[in-house]
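Here is how the chains run, residue by residue.
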Amino acid sequence: MATERTLSILKPDATRRNITGKINDKIESASLRIIAQKRLWLTRSQAETFYSVHSSHSFFNDLCTFMTSGPVVVQVLEGENAIANYRAVMGATNPANANPGTIRKEFAESIEANSVHGSDSAETASNEIKFFFSDLEIVG
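Q: Can you tell me about the sheet that holds strand β3 (residues 72–80), naming the residues and giving the values?
A: Taken together, 4 strands build an open sheet; the order of strands is β2-β3-β1-β4 and the sheet is antiparallel. Strands at the two margins of the open sheet, each flanked by one partner only, are β2 (33–40) and β4 (116–118). Going across the sheet, the axis of each strand differs from the next one's by a mean of 20 degrees, ignoring polarity. Bridging between strand β1 (residues 3–10) and β4 involves 3 bridges; their strand directions are antiparallel. Along β4, the bridge assignment pairs S8 with G118. Where helix α5 (residues 82–90) meets the sheet, its contacts fall on β1, β3 and β4, and the angle it forms with β1 comes to roughly 35 degrees. On top of the sheet, helix α7 (residues 122–132) reaches β1, β2, β3 and β4; it is set at about 55 degrees to β1, its chief contact.

Take a look at the structure:
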């Protein structure tokens, strides 16, 4: 097993409902350490740049609108197989398909307002972490 880092975003639906602590408890209970964290409000430009991989999809505009609708909490998580581990803790993108006990099953409001984002690969994680954090902000 390898120690990895991954990016986590607690989305506007989670911050609006003040459940970031409950989500962080699930993250930490899964043996993932939060080694960087900050709360911010994405601009439209930042959201479009961050989600540019989805720019050709029909949901892109709605995604960017949602992600700029309120503050988010961005985090760097670290742990053994952190990427796969966090994806398992998050649950399926569609909360209706998520396993019991996962973040999305317990907290998501819809497929769009599904409370969290997590990197899907090591390369993506590296790029996403660099998008939000400098090396000085990550305390491992």
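Still to come is the rest of the account.
Q: So what about the pattern of salt bridges? Which residues, and what values?
A: Pairs can form between side chains of opposite charge whenever their charged atoms are close. For the structure on display, the rule yields 8 salt bridges. The closest approach of N and O atoms between E106 and K26, which form a salt bridge, is 3.1 Å. Of this pair, E106 sits in helix α6 (residues 103–107) while K26 sits in helix α2 (residues 20–29), placing them 80 residues apart in sequence. Between K38 and E137 there is a salt bridge, with its nearest N and O atoms 3.0 Å apart. Here the residue K38 occupies a position in strand β2, and E137 occupies one in the segment after α7, the gap between them amounting to 99 residues. Among the residues examined, E137 registers a relative accessible area of 36% and is labelled partly exposed. Connected through salt bridges with shared partners, the residues D13, R16, R17 and E109 form a single ionic network.

Q: Would you mind going over the pairing of β1 in detail, with residue names and values included?
A: Each regular strand shows side chains that alternate between the opposite faces of the sheet. Of the pairings in the sheet, the one linking β1 to β3 comprises 8 bridges and is antiparallel in character. Each residue of the ladder has a partner; that of T3, found in β3, is E80.

Q: With reference to specific residues and values, describe the pairing of β3.
A: Within β3, 8 of the 9 residues are buried, leaving the element largely enclosed by the surrounding structure. Note that β2 and β3 share 7 bridges and pair antiparallel. The residue bridging R33 from the neighbouring strand is E78, located in β3.

Calculation criteria
- Residues numbered from 1 in each chain as written.
- Predicted model: local features only at pLDDT ≥ 70, side-chain atom pairs only at ≥ 80, totals over all residues.
- Heavy atoms only, no water.
- Pairing = 2+ DSSP bridges.
- Helix = DSSP H or I, 4+ residues; strand = E, 2+ residues; numbered from the N terminus.
- Axes fitted to C-alpha atoms, helices over the stretch in contact; angles between N-to-C directions.
- Contact = heavy atoms within 4.5 Å.
- Salt bridge = Lys/Arg side-chain N within 4 Å of Asp/Glu carboxyl O.
- Buried < 20%, exposed > 50% of the residue type's maximum accessible area, 1.4 Å probe, protein only.

It is worth stressing that arrangement in space is one thing and function is another; only the former is reported here.
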